[in-house]
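Listed below, chain by chain, are the residues.
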Amino acid sequence: MPEQPFEPDRAIAGTGMGGAMDLAASEAETLEQHPSAASGGRAPGGPLGTGPADKPRSLWSDAWRDLRRNPVFLVSALVILFLVVISLWPSLIASGSPLTCDLAKAQEGSQAAAPFGYDGQGCNVYTRTVYGARTSVTVGVCATLGVALLGSVLGGLAGFFGGFWDSVLSRITDVFFAIPVVLGGLVLLSVVTSNTVWPVIGFMVLLGWPQISRIARGSVITAKQNDYVQAARALGASNSRILLRHIAPNAVAPVIVVATIALGTYIALEATLSYLGVGLKPPSVSWGIDISAASPYIRNAPHALLWPSGALALTVLAFIMLGDAVRDALDPKLR
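Residues numbered from 1 in each chain as written. Predicted model: local features only at pLDDT ≥ 70, side-chain atom pairs only at ≥ 80, totals over all residues. Heavy atoms only, no water.

A. Summary view of the overall build of the chain. In terms of helices and strands, the chain carries 12 helices and two strands. Mapped in sequence order, the helices and strands of the chain form the string β-β-α-α-α-α-α-α-α-α-α-α-α-α. Across the 335 residues that make up the chain, the buried fraction comes to 38%. Counting contacts in the chain only where the partners sit at least 6 residues apart, residues at least 24 apart contribute 65% of the total. Of the accessible surface of the chain, which amounts to about 19,000 Å², a share of 65% is contributed by carbon and sulfur atoms. (Helix = DSSP H or I, 4+ residues; strand = E, 2+ residues; numbered from the N terminus. Buried < 20%, exposed > 50% of the residue type's maximum accessible area, 1.4 Å probe, protein only. Contact = heavy atoms within 4.5 Å. Areas by Shrake-Rupley, 256 points an atom, 1.4 Å probe, with all protein chains shown as cover.)

Below you can see the structure in the form of structure tokens.
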């Protein structure tokens, strides 16, 4: 068979799959200068995705990508953002003071100045519902931060060092788990005379940290058994460096998930304690106080009860939905 004449402006490059691919001379020169271009961005002799053009994605970047595509997260985040805005600046959507009442308008229905009507004391239900969001968000966020910080520190240290202190912390958490939350609130907050939110927040932190502590302890015990921790220890890294640089970033995800879901629970707990008369007290503005005040005349003025109850239910649902979305994004087993 006669040989084919060589054409200088054409080149042949093997595909590695038993065939051939015709390339222009300029493309062949490019492959000679950049061998990784022919392998789809992989390094020579390496698997796909190991070239310089491909950056490894972390757990947090993958989680953020999944959250942006999750409609549950988007809806709950928008609701929470709206609650935060009206908590900081309630006058944007509500005029007047929530403490201004007129007994002549008691139990009246919806009007132009009061779209939610008036309660039994003649207070504007719409204004009180808007201003009540500030109390709920403040209690929920502060209690969650306090619980997450205290529980993570104690549980993380106990799980990392183990031994005697781990056993002591485990027995202490068992004691706190045996205390009913509502009953503990009735006992501890009944002797408090302050009308601020801080006694309620302190009570929630006192009884809420054992749950986060147990989650953090188990997560740290699992993380410290990984090979990268053993390698860091073999290289002479100190305990503080191992705990802060290697274990904490890889053990914090379960804590974030539980804390996010618990935030809605703390908001509901504050409303429950206020309803029972041991949480916030008048003249503080709280959904729990409004629900308690409107309960006796639910037949004559149901609007005074339904609007704060609906706002409370929507807020708790939004935080629980947000926590579920974060859990699905951070848990690799659910992907």
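B. Highlighting helix 5 (residues 163-177). Counted at 1.5 Å a residue, the expected span for helix 5 with its 15 residues is 21 Å, and the 22 Å between its end C-alpha atoms agrees. When we look at burial in helix 5, the residues that qualify are Asp166, Leu169, Ser170 and Thr173. Angular distribution of buried residues about the axis of helix 5 spans 105 degrees; they occupy a single face of the element. With respect to the buried face of helix 5, the exposed residues turned more than 90 degrees away are Phe164, Arg171 and Val175. (Expected span 1.5 Å × (residues − 1). Arc of directions from axis to C-beta.)

C. Main features of the packing of aromatic side chains. The final tally for this structure, using the stated rule, is six aromatic pairs. Taken together, a centroid distance of 6.3 Å and an interplanar angle of 90 degrees make the contact between tryptophan 64 and phenylalanine 73 edge-to-face. For the pair phenylalanine 176 and tryptophan 209, a centre-to-centre distance of 5.5 Å together with 65 degrees between the ring planes defines the contact as edge-to-face. Taken together, the residues span a long stretch of sequence, with phenylalanine 176 in helix 5 and tryptophan 209 in helix 7 (residues 198-223) at a distance of 33 residues. (Phe/Tyr/Trp six-rings, centres within 6.5 Å; stacked < 30°, edge-to-face > 60°.)

D. Quick peek at the confidence of the model for the chain. When the pLDDT values of the chain are averaged, the result is 82; 81% of them are 70 or greater. Looking across the chain, the model is least confident in strand 2 (residues 20-24), with a mean pLDDT of 42, and most confident in helix 3 (residues 71-88), with 94. Scored below 50 in pLDDT, residues 8-53 makes 38 contacts in the model with residues more than four places away or belonging to other chains. (pLDDT = per-residue confidence, 0-100.)

E. Looking closely at the pattern of salt bridges. Tallied over the full model, the rule gives eight salt bridges. Note that arginine 65 and aspartate 62 form a salt bridge whose closest N and O atoms lie 3.9 Å from each other. Highlighted residues: arginine 65 and aspartate 62, both in helix 2 (residues 59-68), separated by three residues, approximately one helical turn. For arginine 65, a relative accessible area of 25% corresponds to the partly exposed category. Salt bridges sharing partners connect three or more residues here, namely Asp62, Arg65 and Asp66. (Salt bridge = Lys/Arg side-chain N within 4 Å of Asp/Glu carboxyl O.)

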